[in-house]
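Chain and residue survey
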Amino acid sequence: MNSRFLHPGEYFFGVPNHMITTLLGSCVALVAWHPERRFTLVSHVILPEIPDGGDAWDPRYAEVMVERWLADLRVVGCFPVEFRLGLFGGSSRFFTSGEYERSVGFRNVQRLELLVEQLGLSLQRRDTGGTYHRKLMVDGIKGCYGVQLLGHPERSMMEVSTW
């Protein structure tokens, strides 16, 4: 299977014919998968809120990415509740565990959790926080994903799970 790399701030929604891969530090990825129609969302959110003067359709901001996903769902005739959701990333290399709440990673995770909750949804999978970057791979056809903590002494191998 071919692979597509999702760069920071990019967004994918559709039925993929390739594996989607991204690397996450303080950035977070909201992943949504439709078990019947195989629609897959993989995002790479950089910041929790759009700054003043920011592009109102730029998916690198959490609330903009969610609005874009909802617009795409209207086009294909799906509802958010039909999807299985996961949240990944949000690490911090610059703050100790006691200071994590000051980090961009924490704010990204917190913002997307709130947005998911406001939609009346819940996360089925979550791998967030800590001090290690993550490699995330998503296979929307098979309905599986893999997470690898880069440099972690105990989780350095890709852990593959199904929804």
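Structural data are supplied above this passage.
In this section: the overall build of the chain. Tallying secondary structure elements over the chain gives 2 helices and 10 strands in all. The order of helices and strands in the chain, counted from the N terminus, is β-β-β-β-β-α-β-α-β-β-β-β. For the chain, whose C-alpha radius of gyration is 15 Å, the value lies close to the compact-globule estimate of 15 Å for 163 residues. Seen along its three principal axes, the alpha-carbon backbone of the chain occupies a region of about 45 × 40 × 25 Å. For the chain, the proportion of its 163 residues judged to be buried stands at 49%. For the chain, contacts bridging at least 24 residues in sequence account for 55% of all contacts bridging at least 6.

The buried fraction of strand 6 (residues 84-89) is high, at 5 of 6 residues. When strand 4 (residues 28-33) meets strand 6, the two strands line up antiparallel, connected through 6 bridges. When the sheet's bridge partners are listed, Trp33 is paired in strand 6 with Arg84. Pairing of strand 6 with strand 7 (residues 125-128) involves 4 bridges; the strand directions are parallel. Residue pairing across strands places Gly86 opposite Arg125, the latter belonging to strand 7.

Here we have 5 strands laid out as an open sheet, ordered 2-5-4-6-7, and mixed in their pairing. Two strands bound the open sheet, and with one partner strand each, they are strand 2 (11-14) and strand 7. The mean angle between the axes of side-by-side strands here comes to 5°, regardless of whether they run parallel or antiparallel. Pairing between strand 4 and strand 5 (residues 40-43): 3 bridges, direction antiparallel.

Here we take up helix 1 (residues 62-76). In a regular helix each residue adds 1.5 Å, so 15 residues correspond to 21 Å; helix 1 covers 21 Å between its end C-alpha atoms and thus fits that length. If you check which residues of helix 1 are buried, you get Ala62, Glu63, Val64, Met65, Val66, Trp69, Leu70, Ala71 and Leu73. Looking at the buried side of helix 1, the elements it contacts are strand 2, strand 4, strand 5, strand 6 and helix 2 (104-118). Positive phi shows up at Gly77, right after helix 1, with a value of about 75°.

Another aspect to go through is the environment of Val81. Relative to the assigned elements, Val81 resides in the loop between helix 1 and strand 6. Its relative accessible area of 65% is what places Val81 among the exposed residues. Val81 sits 41 residues away from Ser122 along the chain, and the two C-alpha atoms are 9.0 Å apart.

This part is about a nonpolar patch on the surface. A cluster of nonpolar side chains, contributed by Phe5, Leu23 and Leu150, occupies part of the molecular surface with about 240 Å² of accessible area. A relative accessible area of 42% means that Leu23 is categorised as partly exposed.

Conventions adopted
- Residues numbered from 1 in each chain as written.
- Predicted model: local features only at pLDDT ≥ 70, side-chain atom pairs only at ≥ 80, totals over all residues.
- Heavy atoms only, no water.
- Helix = DSSP H or I, 4+ residues; strand = E, 2+ residues; numbered from the N terminus.
- Rg over C-alpha atoms; globule rule 2.2 N^0.38 Å.
- Buried < 20%, exposed > 50% of the residue type's maximum accessible area, 1.4 Å probe, protein only.
- Contact = heavy atoms within 4.5 Å.
- Pairing = 2+ DSSP bridges.
- Axes fitted to C-alpha atoms, helices over the stretch in contact; angles between N-to-C directions.
- Expected span 1.5 Å × (residues − 1).
- Patch = residues over 30% accessible without salt bridge, like charges linked within 9 Å, V, L, I, M, F, W, Y side chains within 5 Å.
- Areas by Shrake-Rupley, 256 points an atom, 1.4 Å probe, with all protein chains shown as cover.
- Salt bridge = Lys/Arg side-chain N within 4 Å of Asp/Glu carboxyl O.

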